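# Commentary on secondary and tertiary structure
Each chain, written out:
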Amino acid sequence: MKKITLISLFLIESACAPACTNLIVGKGASKDGSVIATYSSDSYGSYGYLFWQPGGKHQPGDMRPLYDYETNNYLGEIPEADSTYAVIGLTNEHQLTILETTWGGREELEDSTGLLDYGSLMQVGLRRARTGREALKVMTELAAQYGYRSEGESFTVADPDEAWILDMVGKGPGGGAPVWVAVRVPDDCISGHANQSRIRQFPLNDKENCIYSSDVISFARERGYFKGKDKDFSFADAYNPLDFHGTRFCEARIWSFFNHWAAIDMQQYLQYAMGYEDDNPFPIFVQPREKLSLQDVKDMMRDHYEGTPMELTNDIGMGPYEMPYRPTPLTWKLDGQTYFNERPISTQQASCVYVVQMRRWLPDYLGAIVWFANDDANMVPFVPVYCCTNGAPECFAERTGDTFTFSFKSAFWMQNWVSNMVYYRYVQLFPELQAVRDQLERDFSSLQPEIEEKAKSMTEAEARRFLSDYTYRQSGNMMDQWMRLAQLLIVKYNDMTQKQQYDDGSWKKTPGGNEYPVLRPGYPEQFRRQIIEQTGNKFYIDE
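Below is a summary of the structure that appears in this document.

Parameters at a glance
Residues numbered from 1 in each chain as written. Predicted model: local features only at pLDDT ≥ 70, side-chain atom pairs only at ≥ 80, totals over all residues. Heavy atoms only, no water. Helix = DSSP H or I, 4+ residues; strand = E, 2+ residues; numbered from the N terminus. Contact = heavy atoms within 4.5 Å. Phe/Tyr/Trp six-rings, centres within 6.5 Å; stacked < 30°, edge-to-face > 60°. Lys NZ or Arg CZ within 6 Å of the ring centre and 35° of its normal. Buried < 20%, exposed > 50% of the residue type's maximum accessible area, 1.4 Å probe, protein only. Pairing = 2+ DSSP bridges. Axes fitted to C-alpha atoms, helices over the stretch in contact; angles between N-to-C directions. Parallel < 35°, antiparallel > 145°, perpendicular 65-115°, else oblique. Left-handed = near helix turned anticlockwise from the far one by under 90°. Nonpolar A, V, L, I, M, F, W, Y, C, P; charged D, E, K, R; others polar. Core = buried A, V, L, I, M, F, W, Y, C linked by side-chain atoms within 4.5 Å.

## Section: the side chain of T308
You can see T308 is positioned in the loop between helix 8 (294-300) and strand 17 (331-334). Those residues in contact with T308, other than ones at most four positions away along the chain, are W255, N259 and N314.

## Considering the packing of aromatic side chains
Applying the stated rule across the entire model yields 34 aromatic pairs. Aromatic ring contacts, followed pair by pair, group W103, F202, Y212, F219, Y225, F226, F233, F235 and Y239 into a single cluster. Sitting over the face of the ring of F219, K171 holds its NZ or CZ atom 5.7 Å from the ring centroid. The ring of W371 is capped by K298, whose NZ or CZ atom sits 3.6 Å from the centre of that ring.

## Observations regarding unusual backbone geometry
For the bond from T328 to P329, the omega torsion is 5°, close enough to zero to count as cis. Mapped onto the secondary structure, P329 falls in the loop between helix 8 and strand 17. Despite not being glycine, Q95 has its phi angle at roughly 75°, a positive value. Structurally, the position occupied by Q95 is in the loop between strand 9 (91-92) and strand 10 (97-104). The phi dihedral of E322 is positive, around 55°, even though this residue is not glycine.

## Overview of the pairing of strand 21 (residues 383-386)
Burial along strand 21 is two-sided: V383 and V385 facing one way and P384 and Y386 facing the other are all buried. Sheet topology note: the strand 20 (residues 369-373)/strand 21 ladder contains four bridges and is antiparallel. Residue pairing for strand 21: V370 is matched across the bridge by V385.

## Description of the sheet that holds strand 20
Pairing is antiparallel across the open sheet formed by seven strands, whose spatial order is 16-14-1-2-19-20-21. Unpaired on one side and paired on the other, strand 16 (285-286) and strand 21 mark the two borders of the sheet. In the sheet, strand 14 (residues 190-193) pairs with strand 16 via two bridges, with the strands oriented antiparallel. Bridging from a neighbouring strand, I190 pairs with V286 of strand 16. Running over the sheet, helix 6 (residues 244-261) touches strand 1 (22-25), strand 14 and strand 16 and is turned about 165° from strand 14. In the packing of helix 11 (residues 426-456) onto the sheet, the strands contacted are strand 19 (352-358), strand 20 and strand 21, and the crossing angle to strand 21 comes to about 25°.

## Points about the packing of helix 2 (residues 118-128) against helix 3 (residues 132-146)
Contact pair helix 2 / helix 3: the axes reach a minimum separation of 9 Å and the direction vectors enclose 130°. By the angle between their axes, helix 2 is oblique relative to helix 3. The two elements helix 2 and helix 3 meet at a crossing, and its hand is right-handed. For the pair helix 2 and helix 3, the contacting residues are L121, V124, G125 and R128 in the first and E134, V138, M139, L142 and A143 in the second. A class-by-class count of the residues in the contact of helix 2 with helix 3 yields six nonpolar, one polar and two charged.

## Points about the nonpolar core
Counting 149 residues, the largest nonpolar core has F155, F233, F235 and Y239 as its most contacted members. Here this core takes ten residues from helix 12 (residues 460-492), the largest share from any one element. Apart from the residues lying within four places of it in its own chain, the contact partners of F233 are R200, Q201, F202, V216, I217, A220, F226, A238 and Y239.

In structure tokens, the structure reads:
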């Protein structure tokens, strides 16, 4: 058993912060037979919005400009396809979904001369492909032709029939086509990735379930990353070697997902997930102990390691109000020693979160729903956005606000405003937020069968307009509810007190119309005990 150390964590973290999480549920592992894939875009201060682009026909000679996904810097252009598909978020009109998490890998393999970064590959794949297998072909062929400029990346490529994980990394400056491998998630399994390559050994002669670049093994040998037999080759070990960062900050998130749902006992992998050993990795996919509902998957995106040794509400870091969050950076120093914070799935720096539901038994324009949350998933509801929507709702649209401009019309800013009121008095204020969040999600879920039955009775053109209007209406409904929640929180909990209410929500008032005396809850009991443990009799009153 080999222990993982904390070597060079600051260098690793600055090169590739462990930012995003993808969870995957095969169609045989979900309760309704849908393929479900999630994406938390945890981008440290970026403005989250819902991208939309219409499909269209293009003329010979038309070019597609490429922009860096993270900086928006212009990269160049490639010939446009003859026809392209409409995209909402990271799902296109044919229910194809492409998501990602970055793992970096060996620094010397990043190719700054390539033309396509990971975001460009995702967008071009969505614009040009109808299925996951088509997208894999488009993405890998374009990367080979024009060069891949990003660090190591894991992509989720999913459609209503199947889901794939594609791992890709370059060959260094001017190295040409990247090396990659893609494995299919079995229909009856769940999987995921979170900023660590998870494809280890893979079948070399099963083209139905595994495809890879012809030089993925030979290049590793050439660079000295691998010396064994082909059958023993591990993509992750060669191109993204494990360290404490990769286990405790990354693999632990997927372990937590599996720990909730896997049919096998995940406790056997706990020491690995906690970064204490590296020779006992858990499988890339597992069968669940029972089939997952859509709500189960949404709730997993709200995970803070509850019920595990990594839970965030069992030490002083949670603060007085038992907050299951920690400030970044992940590592910090004190008196010359290095320490770290836990990194759960749910994190305050999420700019937006997707839970995409893809259903083969429905026509494409009705089959895929992007359940969109414009902040940390724990702090906001998932709003239904049908993949046929003819534009992004105003509150989610790209130019409604930006990183530097607050707007009451922007879901990102409205929801962050509420979240940041709640974080620092979490145990007192979160129940108010949770009640509104959960009621909205219950309403959305209860309306879904009726809305879809109506859409089925319409022509396709009518259904597209109807579902678009429904998407806009529910997005507006969420914004109205969130504005009321924000007003309630500031009025009810102003100045660390609490105004009193009747069971129906009305304010308790004196006969003359003034408020009842406010409640003064003070610190939660657990924190009061910590004060006494630290100060002894300093604040004791002898009565």
